[in-house]
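Summary of structural features
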Amino acid sequence: MPPRSSAGAFGAGLLDYIRNYDLNDYALGLTVSGGQSPYAGGENSVIAYPILTSFRDSAFTDDWLLIREGDIGIRYVTESNWEFGLIGRIQTLGLGTSDSPQFIGLDDRKWGLEIGPMVGYRGWPVHINFKAYAEVMGHHSGLIGQLQFSLPREYERGYLVPGIEFIHQGEDYANYYFGVSESETEPLRPEYRTDAALNTALRLRWGYCITDNWLLYGSLGLEFLDSEIKDSPIVDKDELWSASISVAYNNNIFQPRISATEAPAQPRIEIRVGAFNDTIDSKIVRDSSAGIIGTDIDLENLLGLPDEETVTQLDAIFRIGRYHRIEVGYLEAARNGNTTLPFDVTFGEETFALRLFPH
């Protein structure tokens, strides 16, 4: 047998790692998140959403599923403490639903889906992490890069992860969200085009285990805007705050896959017969060509069709092995009826005269 290549061994080890992954390392939770709008007249946002999280911050684990600071993706942590991944996030910058008069004449800045690579090193007390994003919904062609330095600290019942982040917004990126085009100009809102911008942000992630099953965690952020953004006529902030608070519960709610030795025996061939009560109520409306609304017609009454019947379903299953099978099913819902039309019925150019009409 030829020796396995290093690339093959790595791929096989990665697949085994994913197959043996235990989702019980994660907990289900609810997050309430708020953020400040940078726009003059903009409303601060507050949203609530379900979340999948871990009782330990990702800075202390090597889990392949990564959920951190609004990102979700996959990663691989090497034995030498390098971290590589592919991540995505929803970019929520935009004018929102505010009806402020300051937004009149402005094009909407839409939410976007951003994805990109991530690389980090956590072999030192200070962890280094770099992320780059591209917007994939076609709103703009700009890029954004984020370089973060953090100092993770884990305690008996929780963790703290303070950090500082440098956020580079490319020219097209910054101009999409903060520029003013010629068509958007007004006497008090001159045309404005930004150059690339570099913001600085202070971040803090924290978590505390209230009990063995309940986790309380959250985040705080303060982002200082570059002058390229602050000088925009549609921006009236120098810095932006953000905060979130979450609660999560974990009691091994994800059931592990049953092993071959524990799985209950199942028949090789199985036949299933079922019956269902089928109720159908069909109505049509005949409108005139002039747009005048016509009368409702009950098809069951008009055509003498049953509005209720018993439907039979037949399934045959042949099990090839423990995890594979062939299944064939048959189900038919059909109705037949005969009636004498009490009046002529016209649909478009087709007229059904009063006569015996089978269906």
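A brief report on the enclosed structure follows. (Residues numbered from 1 in each chain as written. Predicted model: local features only at pLDDT ≥ 70, side-chain atom pairs only at ≥ 80, totals over all residues. Heavy atoms only, no water.)

Remarks on the overall build of the protein
Filter applied, for reference: Secondary structure follows DSSP: runs of H or I at least 4 residues long count as helices, runs of E at least 2 residues long count as strands, and numbering of each begins at the N terminus. Only protein chains enter the accessibility calculation, which uses a 1.4 Å probe. A residue is then buried if its area is under 20% of the maximum for its type, exposed if over 50%, and partly exposed in between. Contacts were defined at the residue level, with two residues in contact if any of their heavy atoms lie within 4.5 Å. With residues, only the protein chains shown are counted as cover, and all accessible areas are computed by Shrake-Rupley using a 1.4 Å probe.
Along the protein, the regular secondary structure elements total four helices and 22 strands. For the protein, buried positions account for 34% of its 359 residues. Of the contacts made within the protein by residues no fewer than 6 positions apart, 57% connect residues no fewer than 24 positions apart. Accessible surface for the protein amounts to roughly 22000 Å². Of this, 58% is attributable to carbon and sulfur atoms.

Observations concerning the pairing of strand E5 (residues 82-91)
For clarity, the cut-off: Note on pairing: DSSP must find at least two bridges between two strands before they are called paired.
As judged from the six bridges shared by strand E4 (residues 71-77) and E5, these two strands associate in the antiparallel manner. By the bridge assignment, Ile 72 is partnered in E5 with Gly 88. Linking two consecutive strands that pair antiparallel, namely E4 and E5, is a turn of four residues; a positive phi of about 75° is found at Asn 81 within it. Note that E5 and strand E6 (residues 112-121) share ten bridges and pair antiparallel. Paired with Glu 83 across the strands is Gly 120, a residue of E6.

What about the pattern of salt bridges?
Which entries qualify depends on this criterion: Here a salt bridge means any side-chain nitrogen of Lys or Arg lying within 4 Å of a carboxyl oxygen belonging to Asp or Glu.
Within this structure, the stated rule accounts for 15 salt bridges. When the shortest N-O distance is used, the salt bridge between Glu 69 and Arg 205 registers 3.0 Å. Placement of the pair is Glu 69 in the loop between strand E3 (65-68) and E4 and Arg 205 in strand E11 (residues 197-209), with a sequence separation of 136 residues. We classify Arg 205 as buried; its relative accessible area is 9%. The closest approach of N and O atoms between Arg 319 and Glu 270, which form a salt bridge, is 3.1 Å. Here the residue Arg 319 occupies a position in strand E17 (residues 308-319), and Glu 270 occupies one in strand E14 (residues 269-279), the gap between them amounting to 49 residues. On the basis of relative accessibility, which here comes to 9%, the residue Arg 319 falls in the buried class.

Focus on the sheet that holds strand E18 (residues 325-331)
Selection criterion: Lines fitted to the C-alpha atoms define the axes, with helices restricted to the stretch that makes contact. Angles between their N-to-C directions range from 0 to 180 degrees.
Within the open sheet, the three strands sit side by side as E14-E17-E18. Their pairing is antiparallel. Two strands close off the open sheet at either side, each with one partner strand: E14 and E18. Adjacent strand axes in the sheet meet at a mean angle of 15°, parallel and antiparallel pairs treated alike. Judged from the eleven bridges that link them, E14 and E17 form a sheet pairing that is antiparallel. Opposite Ile 271, over in E17, you have Ala 316 as the bridge partner.

So, the packing of aromatic side chains
The criterion, for reference: Centres within 6.5 Å make a pair out of two Phe, Tyr or Trp rings, where for Trp the six-membered ring is used; the pair is then stacked when the planes are under 30 degrees apart, edge-to-face when over 60, and tilted otherwise. Charge-over-ring placement is defined geometrically: NZ (Lys) or CZ (Arg) within 6 Å of the ring centre, and within 35 degrees of the ring normal.
Within the structure shown, the criterion is met by nine aromatic pairs. Measuring from centroid to centroid gives 6.4 Å for Tyr 177 and Phe 178, while their planes differ by 55°, and the two rings are tilted. What makes Phe 178 buried here is its relative accessible area of 2%. By way of ring pairs, the aromatic residues Tyr 39, Tyr 173, Tyr 176, Tyr 177 and Phe 178 are connected into one cluster. One residue, Arg 89, lies across the ring of Tyr 133, its end atom 3.7 Å from the ring centre.

Let's talk about empty space enclosed by the protein
Definition in use: Cavities and pockets were defined on a 1 Å grid built over protein atoms only: a cavity is a set of grid points that admits a 1.4 Å probe from which the probe cannot escape, a pocket is an open set flanked by protein on both sides within 12 Å along at least five of seven lines, and lining residues are those with an atom within 4 Å of any such point. Grid points are joined across faces, edges and corners, and a volume is the space filled by probe spheres set on the points.
For the structure on display, the rule yields two cavities of 30 Å³ or more. Approximately 160 Å³ is the volume attributed to the largest cavity. Lining the largest cavity are 18 residues; nearest its centre among them are Arg 68, Glu 83, His 127, Asn 129 and Ser 150. Breaking the lining of the largest cavity down by element, the ones donating at least two residues are strand E7 (127-135), strand E8 (143-150) and strand E10 (158-169).

Points about the pairing of E17
Note that E17 and E18 share seven bridges and pair antiparallel. Bridged to Gln 313 within E18 is Leu 331.

Digging into the nonpolar core
We apply this condition: By nonpolar core we mean a set of buried residues, namely Ala, Val, Leu, Ile, Met, Phe, Trp, Tyr and Cys, connected to one another through side-chain atoms within 4.5 Å.
Counting residues in each nonpolar core, the largest one holds 24 residues, and the members touching the most others are Tyr 39, Tyr 177, Phe 178, Ile 229, Ile 234 and Val 235. For this core, the elements supplying multiple residues, two or more each, are helix H2 (171-178) and E11. No other element matches H2, which puts four residues into this core. Once residues within four sequence positions are removed from consideration, Tyr 39 is found in contact with Gly 94, Leu 95, Phe 103, Arg 109, Tyr 177, Phe 178, Ile 234, Val 235, Asp 236 and Lys 237. The next biggest cluster of nonpolar side chains, apart from the first, holds nine residues, and it includes Ala 27, Phe 60, Tyr 217 and Ala 248.

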